[in-house]
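# Tertiary structure, described
The chain contents come next:
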Amino acid sequence: MNAEEGLVILDTFLKKSLNEVQELVFRKAWEGETYSEIAETSGYDANYIKDVGSKLWKLLSQTLDEEVTKSNFKSVLRRRSRRTDSAESQSSVFQIKSQNAQAVMRNYQQLSKERRETEIISENRGISSFSLETRELEPKKSLILNSDFLEIPSGSVPLNSYFYVERPPIEKRTYAEINKPGSLIRIKSPSQMGKTSLMHRILAYARQTGVQTVLISLQRADSQVFTSLEKFLRWFCANVSRQLNLEPRLDDYWDEDIGSKVSSTLYLQGYVLQQIDSPVVLALDEVNRIFEYPEICSDFLPLLRSWYEDASELEIWRKLRLVVVHATEAYIPLDINQSPFNVGLAINLSEFSLEQMQDLALRHRLDWAKDEAGVKNLAPLLAMIGGHPYLARIAFYNLVSQELTLEQLLEEAPTIAGIYSNHLRHHLANLQGHPELAASLKSVVTSVEGVPLEAIAAYKLESMGLVKLEGNRAIPRCELYRLYFREQLN
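Residues numbered from 1 in each chain as written. Predicted model: local features only at pLDDT ≥ 70, side-chain atom pairs only at ≥ 80, totals over all residues. Heavy atoms only, no water.

## Details of a nonpolar patch on the surface
As a reminder, the rule being used: Only residues whose relative accessible area exceeds 30% and that form no salt bridge are eligible for patches; like-charged ones are grouped when within 9 Å, while nonpolar side chains (Val, Leu, Ile, Met, Phe, Trp, Tyr) are grouped when within 5 Å. The Shrake-Rupley method, run with a 1.4 Å probe sphere, supplies the accessible areas, and residue values consider only the shown protein chains as cover. The rule for a salt bridge is simple: a side-chain nitrogen of Lys or Arg has to be within 4 Å of a carboxyl oxygen of Asp or Glu. Each helix is a run of H or I in the DSSP string that is no shorter than four residues. Each strand is a run of E no shorter than two, and both are numbered from the N terminus. With a 1.4 Å probe rolled over the protein chains alone, any residue whose accessible area is under 20% of its type maximum counts as buried; one over 50% counts as exposed, and the rest are partly exposed.
Judged by side-chain polarity, Ile 258, Val 262 and Leu 266 come together as a nonpolar surface patch covering roughly 220 Å² of accessible area. With respect to the helices, strands and loops of the structure, Leu 266 is situated in helix 12 (residues 260-275). For Leu 266, a relative accessible area of 40% corresponds to the partly exposed category.

Okay, here's the thing in structure tokens:
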């Protein structure tokens, strides 16, 4: 049994599929990697990966009604597989899922044999050990690949990855902006388009210049954090303190008579920014999660704007530089003079161009992608996936690691036998949990023209990366999604 077969077994027991990070931990743990190794190769914080793993084994323990740990989960699933095979009540379900898995398994059957074989100029393998300027001048000399080197597409692109494709002039603009006191950078793009990868590079560059960094992902916050503005702001301020190695002193500054917005502002101004000697870049990832809580959103977003504006009047706030990362526009009404989404440097990440697709293909040593003939060869893939960075990485990874031609890939792409089966299945599972979104997407993929959607549904589908918004109308983000969801949702 391999990881893919293990996931098939899990699907017969779980009410809801694992999310992307849970599945990443599952696969890597199956291959024997430690939490630290998973964090290093995926670009996530080590403590976050450890927390995801802990919660994953707890979820499996509750689901399977026996203790499941990182050390025994494979044996538990093998045992459950035998039980499932012998149980008539579940055999038909497993047979269908197994057939799907067998079609997909060729995409993963060599993963256990692959190993990272990377030689980096720096002994520490980190971006901070050599200048970004040098890397920009010689992007393909920072790593030496052998023919077996591949990087599994999963999560954000690691800092030392050879497969990160820059999108000039975006990187240079953000590096220049983050050097400015009191600056604000807004990065917007749908899911899996590269915004978190860019954010990590901005933070790495800032650390090179001697600036401290804080990263707060709203995706990691417990649901109870969003039950009130006060709980959210206390969680936020405590996180900032801990990451700057400061002892949280919330109670010294919190005063219910003046409210949590003023209290949090005084805490940052009177304590955090006073205690640090150098500027700090505060990056907020997955900010769109807060859009689901209008009462908190309508107070917190204007608060971010006020901190940014305070830098023009108060020297202490010039120490703070903000990076705000979100997947869609805020779908709650905000005063134009209070919104943080119309100030600072706006970065909208779009799909890869044909030239960038060619660059990524050549980094995977696909010789048929060279020169003008290569551009023509890549055109059908671009037409299918629309230059989606993550889908492109999956395509090139599989073209190198499997005995698969581009023609076969394109023919099978929108089917359960294709290389995108797992990616598409995750989206389908999410839609099945939100019938109103499924109905909205169905209207989009079955129409030959753009379809006007209710605002919140449109923004959520855009955030998921399934549609593009052109004016007041939505269209499928790529032909892959049109073909697959037209079939599945009908």
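Here the narrative resumes, following the displayed structure.
## Digging into the sheet that holds strand 3 (residues 184-188)
Threshold: For two strands to pair, DSSP has to find at least two bridges joining them. The axes are straight lines fitted to the C-alpha atoms, using for helices just the contacting stretch, and the angles between their N-to-C directions are given from 0 to 180°. Only heavy atoms enter the contact rule, under which two residues are in contact if any of them lie within 4.5 Å.
One open sheet holds the 5 strands; their spatial order is 4-5-6-3-7, and the pairing between them is parallel. Only two strands of the sheet have a single partner each, and these edge strands are strand 4 (212-217) and strand 7 (345-348). Taking the axes of each pair of neighbouring strands and ignoring which way they run, one obtains an average angle of 15 degrees across the sheet. Of the pairings in the sheet, the one linking strand 4 to strand 5 (residues 280-285) comprises 6 bridges and is parallel in character. The residue of strand 5 that forms the bridge with Ile 216 is Leu 284. Lying on the sheet, helix 10 (residues 229-243) is in contact with strand 4 and strand 5; it crosses strand 4 at an angle near 145 degrees.

## Quick notes on the environment of Ala 439
Among the secondary structure elements, Ala 439 is positioned in helix 19 (residues 435-445). In this structure, the C-alpha to C-alpha distance between Ala 439 and Leu 489, residues 50 residues apart in sequence, is 8.1 Å.

## Examining the pattern of salt bridges
All chains considered together, the criterion is met by 19 salt bridges. Linking Lys 180 and Glu 177 is a salt bridge whose minimum nitrogen-to-oxygen distance equals 3.1 Å. Here Lys 180 falls in the partly exposed class, since its relative accessible area comes to 42%. Overall, Glu 177 belongs to the buried group, its relative accessible area being 16%. Notably, a salt bridge pairs Arg 482 with Glu 479, separated by 3.4 Å at the nearest N-O pair. You can see Arg 482 and its partner Glu 479 sitting in helix 21 (residues 479-488), 3 residues apart, about one turn around the helix. Owing to a relative accessible area of 30%, Glu 479 belongs among the partly exposed residues under this scheme.

## Notes on the packing of helix 3 (residues 35-42) against helix 4 (residues 46-64)
Applied cut-off: Angles are sorted into four bins: roughly parallel if under 35 degrees, roughly antiparallel if over 145, roughly perpendicular if 65 to 115, and oblique for all others. The hand of a helix crossing depends on one turn: near helix anticlockwise from the far one by less than a right angle means left-handed, and clockwise means right-handed. In the scheme used here, Gly and all other residues not listed as nonpolar or charged are polar, with Ala, Val, Leu, Ile, Met, Phe, Trp, Tyr, Cys and Pro taken as nonpolar and Asp, Glu, Lys and Arg as charged.
At their nearest, the axes of helix 3 and helix 4 sit 8 Å apart, and the two run at 120 degrees to each other. Judged on the interaxial angle alone, helix 4 and helix 3 are oblique. Of the two possible hands of crossing, helix 3 and helix 4 adopt the one that is right-handed. For the pair helix 3 and helix 4, contact is made by Tyr 35, Ile 38, Ala 39 and Ser 42 and by Ala 46, Ile 49, Lys 50, Gly 53, Ser 54 and Trp 57, respectively. Split by residue class, the contact of helix 3 with helix 4 holds 6 nonpolar, 3 polar and 1 charged.

## Structural notes on a negative patch on the surface
Filter applied, for reference: The charge count treats Lys and Arg as positive and Asp and Glu as negative. His and the chain ends do not count. Lysine's charge is taken at NZ, arginine's at CZ, aspartate's at CG and glutamate's at CD.
A contiguous patch of negative charge, built from Glu 230, Asp 255, Glu 256 and Asp 257, is present on the exposed surface. With respect to the secondary-structure elements, Glu 230 resides in helix 10. By relative accessible area, which is 40% here, Glu 230 ends up partly exposed.

## Overview of the sheet that holds strand 10 (residues 473-476)
What holds strands together in a sheet is hydrogen bonding between their backbones, with the strands either parallel or antiparallel. Spatially, 8-10-9 is the arrangement adopted by the 3 strands of the open sheet, whose pairing is antiparallel. The sheet is open, and its two borders are formed by strand 8 (451-452) and strand 9 (467-470), each paired with just one other strand. As judged from the 4 bridges shared by strand 9 and strand 10, these two strands associate in the antiparallel manner. Pairing of Val 467 across the sheet is with Pro 476, part of strand 10. Taken strand by strand, helix 19 contacts strand 8, strand 9 and strand 10, and its axis lies near 75 degrees from that of strand 10.

## So, helix 14 (residues 354-363)
Given 3.6 residues per turn, any residue in an α-helix points the same way as the ones three and four places further on. Of all the 10 residues making up helix 14, 7 are buried; the element is thus mostly covered by neighbouring parts of the structure. Considered for burial, the residues of helix 14 that qualify are Leu 354, Gln 356, Met 357, Gln 358, Leu 360, Ala 361 and Arg 363. Buried residues belonging to helix 14 abut helix 15 (371-385) and helix 16 (389-401). The first or second residue beyond helix 14 is Arg 365, which carries a positive phi of 60 degrees.

## Regarding unusual backbone geometry
With omega at 5 degrees, the peptide bond leading from Pro 168 into Pro 169 counts as cis. Along the chain, Pro 169 falls in the loop between strand 2 (143-144) and helix 8 (170-178). Unusually for a residue other than glycine, Asn 245 sits at a positive phi of about 60 degrees. Assignment of secondary structure puts Asn 245 in the loop between helix 10 and helix 11 (250-253). Accessibility expressed as a relative area gives 71% for Asn 245, which makes it exposed. Positive phi is not limited to glycine here, since Arg 365 has a value of about 60 degrees. Here Arg 365 is to be found in the loop between helix 14 and helix 15. Judged by relative accessible area, Arg 365 falls into the exposed class, the value being 52%.

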